Amino acid sequence: MGTLAAATPFIGSLASCAAAPEKFEGHKFPDLGYDFNALEPHIDALTMEVHYTKHHQGYFNNFMKAIDGTVLLETPVEQIFTGISKHPESVRNNGGGFYNHALFWENMTPTGIDIPAAFKTAIEKDFGSVDSMKEKFSQAAKTLFGSGWAWLSVNSNGKLFVSTTPNQDNPLMDIVGERGIPLLSLDVWEHAYYLKYQNRRAEYVDNFWNLVNWKVVNSRLEKAIA
Ligand code: MN3
């Protein structure tokens with residue numbers, strides 16, 4: 001990985017470097033990548049099953065309905081987000097729900113993965129330490145009012161930052177305050193934790209750190225600043 005200081009080439013080109021596939025072959029509902037019970041005890045099997053097969057699938061189906069017969073069928077969702085203010089709310093909400101959950105499943109793993117050295121260095125540069133980044137992210141996730149997401153992203157200057165978005169918005173969208181490419185996502189809608197944790201969102205957030213796939217998070221950064 002190059003140094004973050006040399007990460008400027010993608011300034012102004014969030015749209016083209018937002019982890020979009022090189023050759024777009026249409027919107028696809030992603031595989032989960034592990035069994036429903038794989039993330040236990042931190043996330044229970046029933047929550048995973050309902051979340052993936054009902055919530056996520058529902059967002060995908062409604063997204064496909066919302067863009068039916070439009071040019072957006074041929075447009076990678078990452079690119080749609082960069083101009084989301086121009087599209088109907090159904091595209092924003094369901095496209096966000098489709099994309100955000102795909103990222104979320106992928107940045108978790110049943111088996112703990114250590115933070116790659118290069119990514120640790122990047123975190124230390126912008127947050128001082130891994131612990132202070134985690135603290136900032138956790139605090140944001142725990143205190144977000146209502147439904148939404150917590151994010152670790154990289155901005156167009158190559159700087160890592162923590163943010164939250166309401167509902168199914170995400171940092172790629174042109175309607176959020178702080179824009180960047182998402183590296184790590186955490187769903188803090190009640191449907192993500194209520195069956196196991198009820199109102200104890202903080203416990204769910206703390207346990208999330210046992211599941212983070214840092215290899216995936218690091219590869220997203222490498223792609224974003226390449
Ligand atoms: Mn969800």
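Note that this is a predicted model, so its numbers are computed, not measured. (Residues numbered from 1 in each chain as written. Predicted model: local features only at pLDDT ≥ 70, side-chain atom pairs only at ≥ 80, totals over all residues. Heavy atoms only, no water.)

Examining the packing of aromatic side chains
In total, this model carries 18 aromatic pairs according to the counting rule given. Each ring, one from phenylalanine 81 and one from tyrosine 99, has its centre 5.2 Å from the other, and the planes form 75°; the classification is edge-to-face. Note that phenylalanine 81 is positioned in helix 3 (residues 77–81) and tyrosine 99 in helix 4 (residues 89–106), a separation of 18 residues in sequence. A residue is classified by how much of its surface remains accessible, and tyrosine 99, at 7% relative accessible area, is buried. Ring geometry for phenylalanine 104 against tryptophan 105: centres 5.4 Å apart, planes inclined by 35°, an arrangement best described as tilted. (Phe/Tyr/Trp six-rings, centres within 6.5 Å; stacked < 30°, edge-to-face > 60°. Helix = DSSP H or I, 4+ residues; strand = E, 2+ residues; numbered from the N terminus. Buried < 20%, exposed > 50% of the residue type's maximum accessible area, 1.4 Å probe, protein only.)

Some points on the coordination of the manganese ion
Looking at the metal site, the manganese ion is ligated by His51 (NE2), His101 (NE2), Asp187 (OD) and His191 (NE2), spaced 2.0 to 2.1 Å from it. For the manganese ion, the single-chain donor residues occur in sequence as H-x49-H-x85-D-x3-H. With a gap of 86 residues between them, histidine 101 in helix 4 and aspartate 187 in strand 3 (residues 181–187) connect regions that are remote in the sequence. Since its relative accessible area comes to 0%, histidine 101 is described here as buried. (Donors = N, O, S within 2.8 Å, 3.2 Å for Na, K, Ca; no water.)

A short note on the side chain of serine 163
With respect to the helices and strands, serine 163 occurs in strand 2 (residues 160–166). Since its relative accessible area comes to 11%, serine 163 is described here as buried. When near neighbours in sequence (up to four residues on either side) are disregarded, serine 163 contacts Trp149, Ala150, Trp151, Pro171 and Glu178. (Contact = heavy atoms within 4.5 Å.)

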